[in-house]
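# Commentary on secondary and tertiary structure
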Amino acid sequence: MERVSVVIPIRNEEACIGRVLDDLRKATAELPHYQFETIVVDDGSTDGGAEIARSYGAQVVPNGPPHGKGAALRTGFARAAGDIIVMMDGDYSHMAEDMGALLGALRPGVSLVIASRSFGGSDEFTPVRAFGNIALSYLFGVLHGRYLSDSLNGYKAFRREVFTRFEYTSVAFEIEIELLSKALRCGRIVEVGSHERARAGGSAKSKVVRHGSGFLVKMIRERWQRVDDAATMKRGR
């Protein structure tokens, strides 16, 4: 039986986290061939979201004052005991009932699965966000040789080695790109369709211009890192 760690970063998601964990409990009950743990990383919340998560039996890991989504996820990944790690948002936008499809797509040779909003649709996409996602996904393909429909969605499942084999440095949303780059060095990336709901409450943390530029910078840095690593390996032979 494979162990699965579900990692959910939150910051002031009191209005949403209970609904997320309620759906997650129902979804995992339909997947008896996996053993689940749920890790909620509290990134400096000032509301009662952490207490709600504890009431559902989740492991709640404090992440100090607000550091950013990437830092919170890295904390959760380091705590995870699963053979597979699933990351999802705490704002109720991701469909827990699609987790079986993500896990089922992690076949031999596949290192990471993306829940694609391009295939499943999104209630959150504005024209600007939709265009930004398409443009940045295309640029990721140009730089890394793997064209994806939705490189930026925070609903992903991946094998543990994608995290443990490498050093991660992302603090904010650019961790989405860092994960994809590392995953390509471990195996293939595939996508399955998943619908994105509008968040159930609270306020969005991502900002189109600021975090979009962070995605682009991380794509370029990761591309050069792969080049440097390849050159180092060649010299070592």
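Starting afresh in each chain, residues are numbered from 1 along the sequence in its written order. Reporting of local features is limited, given that this is a predicted model, to residues whose pLDDT is at least 70; pairs of side-chain atoms are given and counted only at 80 or more, and all residues count toward the totals for whole chains, interfaces and linings. Processing note: side-chain calculations cover all non-hydrogen atoms of the structure and skip hydrogens and water entirely.

### What about the sheet that holds strand β2 (residues 34-42)?
One open sheet accounts for seven strands, arranged β3-β2-β1-β4-β6-β5-β7; its pairing is mixed. Each having just a single partner strand, β3 (59-62) and β7 (188-193) make up the two edges of the open sheet. Each strand axis lies, on average, 20° off the axis of its neighbour in the sheet, ignoring direction. As paired strands, strand β1 (residues 2-10) and strand β4 (residues 84-87) are joined by four bridges and run parallel to one another. Considered in β4, the bridge of Ser5 is made with Ile85. A pair of strands is labelled paired if DSSP reports no fewer than 2 bridges between them. Starting at the N terminus, helices and strands are each numbered in turn, a helix being any DSSP run of H or I of at least four residues and a strand any DSSP run of E of at least two. For helices, the axis comes from a line fit to the C-alpha atoms of the stretch in contact; other axes are also lines fit to C-alpha atoms, and the angle between any two N-to-C directions lies between 0 and 180 degrees.

### Details of the pairing of β2
Where β1 lies against β2, nine bridges are found, and the strand directions are parallel. Within β2, the position partnered with Arg3 by the bridge is Gln35. Throughout, right-handed denotes a crossover for which the path from the first strand over the helix to the second runs clockwise when the strands point away from the viewer. The parallel pair β1 and β2 is bridged by helix α1 (residues 17-29), and the resulting crossover is right-handed. Judged from the four bridges that link them, β2 and β3 form a sheet pairing that is parallel. Residue pairing in the sheet places Ile39 in a bridge with Gln59 of β3. Handedness of the crossover is the feature at issue here: the chain leaves β2, passes through helix α2 (residues 49-55), returns alongside β3, and the resulting connection is right-handed.

### A closer look at the nonpolar core
The definition of a nonpolar core used throughout is a set of buried Ala, Val, Leu, Ile, Met, Phe, Trp, Tyr and Cys residues joined through side-chain atoms within 4.5 Å. Burial classes follow relative accessibility: with a 1.4 Å probe on protein chains only, a residue under 20% of its type's maximum area counts as buried, one over 50% as exposed, and anything between as partly exposed. Of all hydrophobic cores here, the largest spans 33 residues; its most connected members are Ile8, Val86 and Met88. Secondary structure elements with two or more residues in this core: β1, α1, α2, β4, α4 (99-104), β5 (110-116) and β7. Counting residues per element, this core draws most heavily on α1, which supplies five residues. Ignoring sequence-local partners within four residues, the contact set of Met88 consists of Val6, Val7, Ile8, Pro9, Val20, Leu24, His94, Ala96, Met99, Gly154 and Tyr155. Core analysis: the second largest hydrophobic core is formed by 31 residues, Ala72, Phe163, Ile175 and Phe215 among them. We call two residues contacting when some pair of their heavy atoms lies within 4.5 Å.

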